[in-house]
Amino acid sequence: MIEVNNVNFGVKGRQLIHNVSFRANAGEFWAIVGANGAGKSTMMKLLSREHKPTSGSIELHGKNLDRYKLSELARKRAVLAQQNSITLAFSVEEIVLMGRYPFYDSQPTDRDLAIVDHCLQKVGIAHFKNRSFPTLSGGEQQRVQLARTLAQIWEIDGGLILLDEPTTGMDLLHQYETFRLAREMTAKGYGVIAVVHDLNLALQYADQVLIMKDGKAFASGIPEEVLIPENIKDSFGLSVKLIQPDHTHFPIIVPDIGNSDLPGYNHHKKEHITSENNNSL
Ligand SMILES: Nc1ncnc2c1ncn2[C@@H]1O[C@H](COP(=O)(O)OP(=O)(O)OP(=O)(O)O)[C@@H](O)[C@H]1O
């Protein structure tokens with residue numbers, strides 16, 4: 001579906017992405033993880049063609065991204081970007097309808113409107129259809145943006161969905177709902193690539209994980225082999241443990257609270273902080 005070959009990218013003499021290669025296939029859910037500043041969003045901007053590689057290539061369905069007309073690309077891949085600040089008083093329906101712009105000229109068809117309704121239902125926000133978008137909470141706005149992204153790619157065979165931190169601002173239930181939805185899309189043959197901060201969601205839902213570190217592909221492969229304590233320690237600087245609760249199929253990644261690289265997490269330290277706080281009152 002999308003193939004990244006030895007991609008480098010830099011701005012103003014600073015190289016942000018170093019020689020990254022990977023291939024995401026139709027029906028796969030890729031999670032890109034890594035510490036702040038590791039290059040995840042920059043990688044997403046390269047995948048969506050917002051940025052152009054300094055060297056190397058990115059091919060979508062065997063064709064270099066450069067060679068797509070923008071209108072053609074808009075019908076092959078949809079992007080949920082990290083920053084989506086809209087302050088104009090568009091209604092929720094109007095925002096999601098923006099996802100259908102590549103498909104109609106002046107007026108949306110009944111089909112476009114039906115897809116908008118369907119996608120609003122998919123993210124559980126159909127009841128807000130006529131609300132003014134800026135009046136929604138942060139998590140609600142994010143779900144509307146997710147619906148817009150889905151509406152753009154709905155009914156596209158082999159469509160690619162690029163999600164940069166899709167669960168920002170969402171409560172726990174909707175984080176899980178979003179990942180379940182991503183899996184539902186991959187089951188239909190879409191490719192999904194998402195920047196994910198929650199390593200447990202990546203572990204439970206992704207088919208493949210790419211850990212980025214300092215603009216490089218630090219490790220990639222199936223979650224169980226990639227999201228191991230050694231890799232997490234090396235890429236995030238945090239000691240973790242994997243624990244397997246009873247009756248679960250998945251281990252859970254938890255900070256190694258007994259480890260000294262987590263200041264303030266042991267009981268002694270907690271008591272210390274609490275008493276300091278009390279003193280300052
Ligand atoms: N236009 C730019 N000019 C200069 N530096 C940039 C530019 N865009 C990104 N960077 C730098 O590139 C690095 C990677 O940024 P990027 O946004 O890709 O990180 P990220 O992994 O998505 O981080 P986060 O988890 O904090 O969102 C950072 O150090 C950032 O400051």
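Looking at an unreviewed UniProt entry, one finds the protein named Heme ABC transporter ATP-binding protein, with Dyadobacter luteus as its source organism. Reading the Function (unreviewed entry) entry of the UniProt record for the protein gives the comment "Part of the ABC transporter complex HmuTUV involved in hemin import. Responsible for energy coupling to the transport system."

Asker: Tell me about the site of the ligand, residues and numbers included.
Answerer: Close to the ligand lie Val11, Arg14, Leu16, Gly34, Asn36, Gly37, Ala38, Gly39, Lys40, Ser41 and Thr42, which account for all nearby residues. Elements that contribute at least two residues to the shell around the ligand include exactly strand 2 (14–24) and helix 1 (40–48). With three residues, the top contributor of residues to the shell around the ligand is helix 1. Here the residues of the shell around the ligand sort into three nonpolar, six polar and two charged.

Asker: Please give an account of the sheet that holds strand 2 that cites residues and values.
Answerer: If you walk across this open sheet you meet the four strands as 2-1-4-5, and the pairing is antiparallel. Each edge of the open sheet is held by one strand with a lone partner, namely strand 2 and strand 5 (63–64). Here strand 4 (residues 55–60) pairs with strand 5 via two bridges, running antiparallel. When the sheet's bridge partners are listed, Leu60 is paired in strand 5 with Lys63. Of the strands in this sheet, strand 1 (2–11), strand 2 and strand 4 touch helix 1, which is tilted by about 60 degrees from strand 2.

Asker: Pulling in residues and values, what's your account of unusual backbone geometry?
Answerer: Here Asn6, not a glycine, exhibits a phi torsion of approximately 45 degrees, which is positive. If you trace the backbone, Asn6 turns up in strand 1. A count of 12 C-beta atoms within 10 Å places Asn6 in the exposed class. Even without glycine at this site, Lys12 takes up a positive phi of about 45 degrees. On the secondary structure map, Lys12 appears in the loop between strand 1 and strand 2.

Asker: I'd like to hear about the sheet that holds strand 6 (residues 77–80), residue by residue, with values.
Answerer: Strand pairing in a sheet relies on backbone hydrogen bonds, with the paired strands running either antiparallel or parallel. In spatial order, the strands read 6-7-8-3-9-10; together these six strands make up an open sheet with mixed pairing. The open sheet has two edge strands with one neighbour each: strand 6 and strand 10 (216–221). Looking at each pair of strands side by side, their axes are set apart by 15 degrees on average, direction ignored. The sheet contact formed by strand 9 (residues 208–213) and strand 10 spans five bridges and is antiparallel. Its bridge partner being in strand 10, Ile211 is matched across the sheet by Ala219. On the sheet, helix 6 (residues 172–187) packs against strand 3 (29–34), strand 7 (160–164) and strand 8 (191–195) and is oriented at approximately 155 degrees with respect to strand 8. Sheet strands in contact with helix 9 (residues 229–236) are strand 3, strand 9 and strand 10, and its direction is about 35 degrees off that of strand 9.

Cut-offs and rules
- Residues numbered from 1 in each chain as written.
- Predicted model: local features only at pLDDT ≥ 70, side-chain atom pairs only at ≥ 80, totals over all residues.
- UniProt positions renumbered as here; feature names shortened; annotations may be inferred.
- Near = placed C-beta within 6 Å.
- Helix = DSSP H or I, 4+ residues; strand = E, 2+ residues; numbered from the N terminus.
- Nonpolar A, V, L, I, M, F, W, Y, C, P; charged D, E, K, R; others polar.
- Pairing = 2+ DSSP bridges.
- Contact = placed C-beta atoms within 7 Å.
- Axes fitted to C-alpha atoms, helices over the stretch in contact; angles between N-to-C directions.
- Buried ≥ 20, exposed ≤ 12 C-beta atoms within 10 Å, placed from the backbone.

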